[in-house]
Amino acid sequence: MDNSVQDYTREELAQKIKPSFRAKQIYSWLYHKYVTSFDDMKNLPQSLKDELKQNYRIDLLKIVKVEDSLDGSRKYLFELDDGNTVEAVLLLMKKEQYHEDGTIKHQAKYTVCISCQVGCKVGCAFCLTAKSGFMRNLTTGEIVEQIRLIKKDNSIDANRRLNIVYMGMGEPLDNLEAVSHSSRVFADPDGMAIAPHRQTISTSGLSSKIVKLGKMDLGVNLAISLHAVDDELREKLMPINKAYNIQSIIDAVKQFPLNQRKRVMFEYLVIKDVNDDLKSAKRLLSLLDGIKAKVNLIYFNPYGGTEFKRPNPKDMIAFQEYLTKRGLLCTIRESKGLDISAACGQLRDNEKDNK
Ligand code: SAH
Ligand code: SF4
């Protein structure tokens, strides 16, 4: 039995299960009450529970490790059925704030970073996920389950707003079918109701798939991991650039349908003495000319065995100022959870070392 109930949108489930209104009830048990067994779906008749048990799974992932960061972020290591492991991170973007009488003034803001593959084929030089090669794609259910279990584990209320970023392990556009399908499951108003504009798909730049994703018109945000402004350097850092060069990415982005208020995010991983100079900033500015873009500078997060180094904060700031002064929106990503092996792939790696 390979199917899980989390593999399906509510409409799909309604076609499989009769009477179809049961699909809505199942969705509610799954995504509002976070049950982990069909027996807990109290308002379903026993015959249906038995049928579900025979045909579908729920328990797709096991939490094998949780690391808490001082800033409130939590990193999860999940074990899949076949023994492979993937990571996801709950990022606390803003802590809860209280009025003097103890009532809540501002609710905490969460973003969850999820994985879509075990390993990755793209093989970027700076990325730890790439080091162990590619094992397999995750299924829709395995992607969905990461968010469901994290919400359950942290008792995050079903209707609390939360953002999703596909920035964990793997290349989302190399598993486009399951990723786009999971996006639809997340967005279902009868389920987790995480609107597409709260979801961001990050890609190393598979141009043809960016166009394809755009045509699906899911309404999700797009993030491009650019990291270099000339093809020569980008090929060294990201071998995928040989197949899809910078210009092809820019062309694909220009075709991507954007929600009026939205911008495409260009992620720029800053590595000391590699791409942290103002000449690169200048080139980046002209590359993004005419695109509704924002830039997110990321500190390279070092790990054992890497030749690359974390940049100096003063170079980061100079890079940022160069862009913002010339009208390009640019933020520096706060390094959340630095104390918990933050960059993706690092928790899994630590765990392997411990074994
Ligand atoms: N494969 C997709 C999404 C997963 S990687 C992509 O590449 O966009 C998510 C982000 O983490 C990418 O921008 C990637 O460049 C970044 N990243 C990888 N290794 C990192 C490291 N050691 N330090 C900081 N960011 C890293
Ligand atoms: Fe894959 Fe993204 Fe890592 Fe590159 S940075 S190897 S695309 S996960």
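Small disclaimer: the values here were computed from a predicted structure and weren't measured. (Residues numbered from 1 in each chain as written. Chains lettered and ligands numbered in written order. Predicted model: local features only at pLDDT ≥ 70, side-chain atom pairs only at ≥ 80, totals over all residues. Heavy atoms only, no water.)

## Here's the deal with the sheet that holds strand β12 (residues 264–270)
Part 1: Read from one edge to the other, the open sheet built from ten strands follows the order β1-β2-β3-β6-β9-β10-β11-β12-β13-β14, with strand pairing classed as mixed. Edge strands, defined here as strands with exactly one partner in the open sheet, are β1 (62–68) and β14 (329–332). For this sheet the average axis-to-axis angle between neighbouring strands, irrespective of direction, equals 20 degrees.
Part 2: Of the strand pairs in this sheet, strand β3 (residues 85–94) and strand β6 (residues 109–113) are connected by five bridges, and their pairing is antiparallel. Its bridge partner lying in β6, Leu91 is registered against Thr111. (Pairing = 2+ DSSP bridges. Helix = DSSP H or I, 4+ residues; strand = E, 2+ residues; numbered from the N terminus. Axes fitted to C-alpha atoms, helices over the stretch in contact; angles between N-to-C directions.)

## Structural notes on the site of ligand 2
Part 1: Taken together, Cys120, Val122, Gly123, Cys124, Phe126, Cys127, Ala130, Gly170, Glu171 and Ser204 make up the full set of residues adjacent to ligand 2.
Part 2: A breakdown of the residues in the shell around ligand 2 according to their chemical character gives six nonpolar, three polar and one charged. (Near = heavy atom within 4 Å. Nonpolar A, V, L, I, M, F, W, Y, C, P; charged D, E, K, R; others polar.)

## Re the domain arrangement of the protein chain
Part 1: When cut into domains, the protein chain gives domain 1 (5–55) and domain 2 (62–354).
Part 2: Spacing between the C-alpha centres of domain 1 and domain 2 amounts to 32 Å.
Part 3: Counting residues at the interface gives 16 residues for domain 1, matched by 18 residues for domain 2.
Part 4: Summed over both partners, the interface of domain 1 with domain 2 buries about 1,500 Å², with 54% contributed by carbon and sulfur atoms.
Part 5: Taken as a group, Gln6, Tyr31 and Tyr34 account for 44% of the area that domain 1 buries against domain 2, more than any other trio of residues on that side. (Domains from an automatic or database assignment. Contact = heavy atoms within 4.5 Å. Buried area = accessible area lost by both parts, 1.4 Å probe.)

## Thoughts on the packing of helix α6 (residues 176–187) against helix α7 (residues 207–216)
Part 1: Contact geometry for α6 and α7: axes closest at 12 Å, N-to-C directions at 30 degrees. Of the possible angle classes, the one that applies to α6 and α7 is roughly parallel. Of the two possible hands of crossing, α6 and α7 adopt the one that is right-handed. Touching Leu176, Ser180 and Arg184 of α6 are Lys209, Lys212, Leu213 and Met216, all from α7.
Part 2: Counted by class, the contact of α6 with α7 contains three nonpolar, one polar and three charged residues. (Parallel < 35°, antiparallel > 145°, perpendicular 65-115°, else oblique. Left-handed = near helix turned anticlockwise from the far one by under 90°.)

## With respect to the packing of aromatic side chains
Part 1: Applying the stated rule across the entire model yields six aromatic pairs.
Part 2: Ring geometry for Tyr27 versus Tyr31: centroids 4.8 Å apart, planes at 70 degrees, classification edge-to-face. Note that Tyr27 and Tyr31 are positioned in helix α2 (residues 21–31) at a spacing of four residues, about one turn of the helix. Accessibility classification places Tyr27 together with Tyr31 in one group, the buried group.
Part 3: Relative to Phe319, the ring of Tyr268 lies with its centre 5.0 Å away and its plane at 35 degrees, an arrangement referred to as tilted. With a gap of 51 residues between them, Tyr268 in strand β12 and Phe319 in helix α11 (residues 313–325) connect regions that are remote in the sequence.
Part 4: Counting every residue linked through ring pairs, the aromatic cluster contains Phe300, Tyr303 and Phe308.
Part 5: Here the basic side chain of Lys33 rests over the ring of Trp29, its NZ or CZ set 4.3 Å away from the ring centre.
Part 6: Its end group placed over the ring of Tyr299, Arg310 keeps NZ or CZ at 4.1 Å from the ring centre. (Phe/Tyr/Trp six-rings, centres within 6.5 Å; stacked < 30°, edge-to-face > 60°. Buried < 20%, exposed > 50% of the residue type's maximum accessible area, 1.4 Å probe, protein only. Lys NZ or Arg CZ within 6 Å of the ring centre and 35° of its normal.)

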